[in-house]
Amino acid sequence: MNQEIKLQQKQRGSVWEVLKTATRLGLTSFGGPIAHLGYFREEYVNRRKWLDEKTYADLVALCQFLPGPASSQVGMGIGFMRAGFWGAIAAWFGFTLPSVIALVLFAYFLKGTSFSEAGWLHGLLVVAVAVVAQAVWGMAKNFASDRPRATIAIAAAILTLIIPSVFSQVGIIIGAGVIGWFLFRSTPDSKSVLISISFNKKAASILLILFFVLLGLLPAVRQFTDSNLIALFDSFYRSGALVFGGGHVVLPLLQAEVVPTGWLTADQFLAGYGAAQAVPGPLFTFASYLGMASFGWKGAVVATLAIFLPSFLLILGALPFWNWLRHHPRFQAALYGINAAVVGILLAALYHPVWTKAIKSPLDFCLALAAFGLLTVWKFPPWIVVVFSAGAGAFLSFIS
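Residues numbered from 1 in each chain as written. Predicted model: local features only at pLDDT ≥ 70, side-chain atom pairs only at ≥ 80, totals over all residues. Heavy atoms only, no water.

## Digging into the UniProt feature "transmembrane region" (unreviewed entry) in the chain
- The feature "transmembrane region" (unreviewed entry), as annotated in UniProt, sits at residues 85–108, 120–140, 152–184, 204–224, 236–254, 300–322, 334–354 and 380–399 in this numbering.
- Across residues 300–322, helical content stands at 87% and strand content at 0%; the span's end C-alpha atoms are separated by 33 Å.
- Along residues 380–399 one finds 90% helix and 0% strand; the C-alpha atoms at either end are 26 Å apart. (UniProt positions renumbered as here; feature names shortened; annotations may be inferred. Helix = DSSP H or I, 4+ residues; strand = E, 2+ residues; numbered from the N terminus.)

## Here's the deal with the packing of aromatic side chains
- The full count for this structure, using the stated rule, is 19 aromatic pairs.
- Taking the centre distance of 6.3 Å and the plane angle of 10° together, the rings of F233 and Y237 count as stacked. Residue F233 and its partner Y237 are both found in helix α9 (residues 228–241); the two are separated by four residues, about one turn of the helix.
- Judged by its relative accessible area of 22%, F233 falls in the partly exposed class.
- Residue Y237 is classed as buried on the basis of its relative accessible area, which comes to 1%.
- Connected via pairs of aromatic rings, a cluster forms that spans F106, F269, Y273, F286 and Y289. (Phe/Tyr/Trp six-rings, centres within 6.5 Å; stacked < 30°, edge-to-face > 60°. Buried < 20%, exposed > 50% of the residue type's maximum accessible area, 1.4 Å probe, protein only.)

## Remarks on the pattern of salt bridges
- Following the criterion strictly, the structure yields eight salt bridges and no others.
- A salt bridge links R222 to D234, with the nearest nitrogen and oxygen atoms 2.8 Å apart. Taken together, the positions of R222 in helix α8 (residues 201–223) and D234 in helix α9 put the pair 12 residues apart, joining distant regions of the chain.
- The residue R238 makes a salt bridge to E257 at a minimum N-O spacing of 2.5 Å. Of this pair, R238 sits in helix α9 while E257 sits in helix α10 (residues 250–258); the two residues are 19 residues apart in sequence, bridging distant segments of the chain.
- Three or more residues joined by partner-sharing salt bridges are found here, namely R24, E43, R47 and R48. (Salt bridge = Lys/Arg side-chain N within 4 Å of Asp/Glu carboxyl O.)

## Here's the deal with the side chain of S72
- Inspection of the secondary structure assignment puts S72 in helix α4 (residues 70–110).
- Once residues within four sequence positions are removed from consideration, S72 is found in contact with F95, P282 and F308. (Contact = heavy atoms within 4.5 Å.)

## Side note on the packing of α9 against helix α12 (residues 286–318)
- Between α9 and α12, whose axes approach to 8 Å, the crossing angle comes to 40°. Viewed along their axes, α9 and α12 adopt a mutual orientation that is oblique. As for how α9 packs across α12, the hand of that crossing is right-handed. (Axes fitted to C-alpha atoms, helices over the stretch in contact; angles between N-to-C directions. Parallel < 35°, antiparallel > 145°, perpendicular 65-115°, else oblique. Left-handed = near helix turned anticlockwise from the far one by under 90°.)

## A short note on the nonpolar core
- Y56, L59, V74, F236, F269, Y289 and I315 are the most contacted members of the largest nonpolar core, which has 129 residues in total.
- In terms of residue count, the dominant contributor to this core is α4 (18 residues).
- Not counting residues within four places of it along the chain, the set of residues in contact with Y56 comprises L37, F40, R41, V45, L51, V74 and I78. (Core = buried A, V, L, I, M, F, W, Y, C linked by side-chain atoms within 4.5 Å.)

## Side note on the side chain of R82
- Among the structural elements, R82 can be located in helix α4.
- Engagement of the side chain of R82 in a polar contact is seen with the side chain of E17, the distance being 3.0 Å. (Polar contact = N/O pair within 3.5 Å; in protein donor to acceptor, adjacent residues only side chain to side chain.)

## A look at the packing of helix α6 (residues 147–162) against helix α14 (residues 329–358)
- Running from N to C, α6 and α14 cross one another at 45°; their axes reach a closest spacing of 7 Å. Comparing the axis directions of α6 and α14 gives the class oblique. As for the relative orientation of α6 and α14, their crossing is right-handed in sense. For the pair formed by α6 and α14, the contact residues are R149, I152, A153, A156, A157, T160 and L161 on the first element and Y336, G337, A340, A341, V343, G344, I345, L347, A348, Y351 and H352 on the second.

## Some remarks on α4
- Taking 1.5 Å of rise per residue, the 41 residues of α4 would be expected to cover 60 Å, yet its terminal C-alpha atoms sit only 30 Å apart, more than 12% below that figure.
- If you look at α4, its biggest bend is around 150°, right at A83.
- Most of α4 is tucked away: 31 of the 41 residues are buried. (Expected span 1.5 Å × (residues − 1). Bend = angle between axes of the 7 residues up to and from the residue.)

## With respect to unusual backbone geometry
- The phi dihedral of K49 is positive, around 55°, even though this residue is not glycine.
- Tracing the sequence through the fold places K49 in the loop between α2 (33–47) and α3 (53–65).
- A relative accessible area of 58% places K49 in the exposed class.
- Positive phi values are uncommon outside glycine, yet K379 reaches one of about 60°.
- Position of K379 among the secondary structure elements: in the loop between α15 (362–376) and α16 (382–399).

In structure tokens form, the structure reads like this:
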């Protein structure tokens, strides 16, 4: 029997306490989304006891199934359960702002930098190889560990490289979902709990409708205006709405939006991605760097809001309906296929643009291999590995 866990209204708190707690996490949560979920569990479940273990686990499961950054969505969900609508906003704002500021400043001070001559920047390009390779390795063990799902992942990688476009990636994800719908329907579902959320289903439905309206309307609006900021909002909203699997998977989607359009060069793109590994908080704040480097501070604000807006609409809109989805076997089966395809799309991104732009010599490969070993074998925090790679890149440039 599934156990229903009810939110105790007497324990609801203030928006201010949510903001303070989330900001502290935003300043100290290094290590990527999996590490973030560990920090959240320690802070919200063990220390503050805002929710119990089972409720937290079920919320994490929901956010893993939705597009977007899982850790940010978990934070929004906890903020909402603790202090309502404004609590969700406070949780996002506090957790996100520190890395936004850091990456905007990074983009500002990079203006006028020669990417062909800066060795430390090339070190950031190289460390991106190790970081993405680690993500592919970890996700493959979880989502493509058997023959059928590994086959879906390999096919997705091949198709992504042969047909390189955002629309092909969306088609691959949909196709993998259809395959999973039929192929994995007999896979037994894991035990889950029910969450009783005090939220108007009508309001939740409006948020979900708004999510799809913006997804369909923004590309059309973009065609009838010359505004770069509207184009930027469309690109980043669509990227945030179509990413299954977390921050690393957004890499190929964003690359397809900002590099072919000429907003950034491939080297600028990968340098920012490398820098994003060195700051705490969600990897989706990479969008802040891209917006700042493309169109200044207005671009940073637009890109940041646009890429996180889909997650906000989805988590608040989906919570009241989650119990049904969690126990729908065909939906679970489709997710098996989708997650495998996500591994393949990320594997393709590891080759292009990450590998093709960063690895230019045997020394580059040695540095990438060393960074990968520090991350996976020695378990160094990513920000330390990023600093190491930047320093190694500067040293190699100096002696060459």
